[in-house]
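Letter by letter, the chains look like this.
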Amino acid sequence: MPLGERSGDKSESRYCGVETDFNDDMPHVLHFNLYTGSFDFVVAPLMDPSYRPSLLQKDGLGSGVLPFAGSDLVLSPSQWSSHVVGKISSWIDLDSEDETLRIDSETTLKQEIAWASHLSLQACLLPAPKGTSCANYARCVNQILQGANNIQLWLRIPLVKPDVDSMDAKSVTLDDSWESWNSFRLLCEHHGQLSVALDILSTLPSTNSLGRWFGEPVRAAILNTDCFLTNSHGCPCLSKRHQMLISGFFNHSIQIIISGNSVHPKASMDANNNSDKDSQRHPLRPYLDYVGYLYQRMDPLPEQERFELGYRDFLQSPLQPLMDNLEAQTYETFEKDAVKYIQYQRAVSKALLDRVPDEEASAKTIVLMVVGAGRGPLVRASLQAAEETGRRLKVYAVEKNPNAVVTLHALVKLEGWEDTVTIVSSDMRHWNAPEKADILVSELLGSFGDNELSPECLDGAQRFLQEDGISIPSSYTSFLQPVTASKLYNDVKAHKDLVHFETAYVVKLHNVARLAPSQPVFTFTHPKRSEHESNQRFKKLNFVIPSETGSAMVHGFAGYFDATLYKDVHLGIEPSTATPNMFSWY
Ligand SMILES: C[S@@+](CC[C@H](N)C(=O)[O-])C[C@H]1O[C@@H](n2cnc3c(N)ncnc32)[C@H](O)[C@@H]1O
C-alpha cells in the first residue's frame, strides 16, 4: 500500500519495500510482507544462499538443470515484476584472491541475473563491492549490461564518508564509498541501467557529502532498523538529520527499503495487540508506519512545481526567437508569468519618474519603444506604468514575427490604444525609426542571459535610442556552477556524438548536486558606451568544492542569468537571488 497520496506527485518514492531472507516459499514471502506487512515490494534472494556452482560440479551435478531456484510458476508474471526485486547472493566476491570463490561468484551472478530477467523483474540488488578493488566485478556487470533486457541493476553502496579533518593519519585509508561507486560506474561506462541503492547507517556523513548523491542515479535507500531511535512511546523514530535525508529521498523519487530485525519489540507487540486484521502483525510494520508518517508530513507540491514535473531533468533545445518565429502557445506560456511583467512595470515606472519631473508630467511625452514586442504584454506593462505614474507616453511596438504582429493589431484595436501605440512590423536591426526613443524596452533574454542574441539585436536598435536614453534591461550577467547530473549526462551521451556535448540545453534541473556556489561569467550593458565594443567574451573560472564534500563527478555546468532592468529592479534565476514565483526561464 503506497505511503500516502501527495497531490500531483506520482513518483516511485510512494512505494516502500522490505528486505527479506531467503525463503523458497515465495508466495508466503509475498503474502506476509505485502498483505500482513503492507509493504509494496520485497527485496528477496532468488537463490538458496548455500548454492555454490563448484560444489555441484564436485557432486557430479555440473550439467543439466541446476536446482538453484524455485519455479517461475509460483507467482504470476505481474507479481514477479511489480512486487519482487531480486537480491543477488551477498556472498559473491568477483575480486577475491580465492580462484574457486571468484569463479563461483561470476557464474552465480550471471545465473541469478539471467533468472531475474526470465522472471521479468524490474530490478536486482547487487551486493556492495568487497574491499577496494572492484575491477572484475564491474567488468562482469558491464558485460551483463551489454546484453541485458530492461532490467535495472542497483549496486548496494554503504553511505559512509570518513570526516578527513577528524581522522588521524592511520585511518585516512578508510574509504569514501562514493569513490567505490565512481570506480564501478566508470568501468561500466556510465551505463543507464546501473544505479545505486544506498545503505543508510546510524551515523551520517556531512550535509555537503550527502548532497553529492542527489546528482547520482540513486534508486533506493535501504534503511536498517539500527538507524532508528526510540520515542517516548517506545516507538521507532529517526534523528532530525535522518528525517531530512529521507525527505530529500522522497523529493528525488528514491524508494525506501526497510531492512534488518525489529529492535523495538514493544512497538511491535503493541501493534499486535491492537491488530484485528491478522493474528500476527509484521514485526517491521512500526518502521513502515513511521516512514509513511514522514511521507505524509511533507508539504504538497506547489502548483507551479506540479505543472513542471514533466520537464524535470529533461533536455530542451533553447528557443531561437531571432531565427525562428515563435508559436502562439509559446507566447501564451510567456504571458502567464505575471511576476515577469510586474518587474518590467516597476522598472518602467521608475524610469519614467526619473525622466520626467512632476512639474513636466502633463507637458512632456516620453517616446518608449518595445523592441521584440511579441503579442504585446510589455506594451501593456509600459502603458500601465505610465498610468500609475501619471506620465504621458508614445509607444512604438517593433516586432519581426509577422504572426505576432497580427495579434498586436487586434490588441491595439481591442484596447483602443490607436492614438498611443504604433505597430512596426520589422526587424529592429533594420528599422528606420522616425524619431529617437527615450526608453527602449526589450525582453530577448535566454536562460543564460545573452544566448538568444539579445546583445546583437540591441546593438542594432541602439541607433534610435537618445544619447541619454534608457535601456530596460540595462544589463544582464550569466552565471555558471559545476554540477553532478548523471541523468542529463547519460541523455546527452545517448546521442553518441560530440555536438550534443558541446550544446547548451534548457533544463528544469532537479536530480542534480550543485557542487560549488555559482560565479558570474559574462555581462552585457545597454546602451553600449562604444559601438565598437565587441560581444565576444572569454572567462576562466576557478571553483572550490568544499573539502567536506569529498570527491565528486562534474558532469557539466548549470547556467543562470540575472538581469538588472532598471536601478534596483532585477529579475533572474541565479539560485541565491532568483526572482520568486517567476517561471519563464530555467
Ligand atoms: C522572448 S520574446 C518576448 C516577447 C514579448 N515581449 C513577451 O514578453 O511576451 C522575444 C520577441 O522578440 C522578437 N524578436 C527577436 N529578435 C527580434 C528582432 N531582431 N527584431 C524584432 N523582433 C525581434 C521575437 O519574435 C519575439 O516575439
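Here the structure is a predicted model, which is why all the values come from computation and not from measurement.

Calculation criteria
- Residue positions are counted from 1 within each chain, in the order its sequence is given.
- Residues qualify for local features only when their pLDDT is at least 70, as the model is predicted, and side-chain atom pairs are given and counted only at 80 or more; totals for whole chains, interfaces and linings, by contrast, use all residues.
- Side-chain descriptors were evaluated using all non-hydrogen atoms of the structure, hydrogens and water having been removed beforehand.
- Here a strand pair is declared whenever DSSP counts at least two bridges between the two strands.
- Comment: elements are numbered from the N terminus, with helices defined as DSSP H or I runs of at least four residues and strands as E runs of at least two.
- Every axis corresponds to a line fitted to the C-alpha atoms, with the helix fit spanning only the stretch in contact, and the corresponding angles, defined between N-to-C directions, vary from 0 to 180 degrees.
- Note on definitions: a residue-residue contact is assigned when non-hydrogen atoms from the two residues lie within 4.5 Å.
- Residue ranges for the domains originate in an automatic or database domain assignment.
- Computed with a 1.4 Å rolling probe, the buried area is the accessible surface lost when two parts are put together, summed over both parts.
- A pairing counts as a salt bridge when a side-chain nitrogen of Lys or Arg comes within 4 Å of a carboxyl oxygen of Asp or Glu.
- We call a residue near a molecule or strand when any one of its heavy atoms sits within 4 Å of it.
- Any pair of nitrogen or oxygen atoms within 3.5 Å is treated as a polar contact; in protein, a donor-acceptor pairing is required on top of that, and neighbouring residues in sequence qualify only through side-chain atoms on both sides.
- Areas reported here follow the Shrake-Rupley algorithm with a probe of radius 1.4 Å; residue values treat only the protein chains shown as occluding.

## Here's the deal with the sheet that holds strand β10 (residues 255-259)
Each strand in a sheet pairs with its neighbour through backbone hydrogen bonds, running either in the same direction (parallel) or in the opposite one (antiparallel).
Piece 1. Here we have eight strands rolled up into a closed barrel, ordered β1-β2-β3-β4-β5-β6-β7-β10, and parallel in their pairing. Strand-to-strand, the axes of this sheet are offset by a mean angle of 30°, without reference to chain direction.
Piece 2. In the packing of helix α5 (residues 135-146) onto the sheet, contacts are made with β4 (123-126), β5 (152-158) and β6 (194-200), and the angle to β5 comes to roughly 160°.

## Quick word on the domain arrangement of the chain
Piece 1. Per the domain assignment, the segments making up the chain are domain 1 (12-162 + 174-299) and domain 2 (328-572).
Piece 2. Between domain 1 and domain 2, the contact holds 22 residues from the first and 18 residues from the second.
Piece 3. Between domain 1 and domain 2, roughly 1400 Å² of surface is buried when both sides are summed, and carbon and sulfur atoms account for 49% of that area.
Piece 4. At the junction of domain 1 and domain 2, the tally comes to zero salt bridges.

## Some points on the site of the ligand
Piece 1. In the vicinity of the ligand lie 20 residues, with Tyr 331, Tyr 341, Glu 399, Asp 427 and Met 428 positioned nearest.
Piece 2. Measuring from an oxygen atom of the ligand, one finds a side-chain N or O atom of Tyr 331 at 2.6 Å.
Piece 3. Note that a nitrogen atom of the ligand is positioned 2.9 Å from one of the side-chain N or O atoms of Asp 427.
Piece 4. For the ligand, whose unbound accessible area comes to 600 Å², protein coverage reaches 99%.
Piece 5. Residue assignment for the shell around the ligand shows that the elements contributing at least two residues are α12 (328-335), α13 (338-355) and α14 (377-389).

## Re the sheet that holds strand β14 (residues 437-442)
Piece 1. Strand order in this open sheet of five strands is β13-β12-β11-β14-β15, and the pairing throughout is parallel. Every interior strand has two partners, whereas the edge strands, β13 (421-425) and β15 (465-472), have only one. Pairs of neighbouring strands in the sheet enclose a mean axial angle of 25°, with direction left out of account.
Piece 2. Sheet topology places strand β12 (residues 392-399) next to β13; five bridges connect them, and they run parallel. Bridged to Val 395 within β13 is Val 421.
Piece 3. Those strands touched by α14 are β11 (365-371), β12, β13 and β14, and its axis lies near 175° from that of β12.

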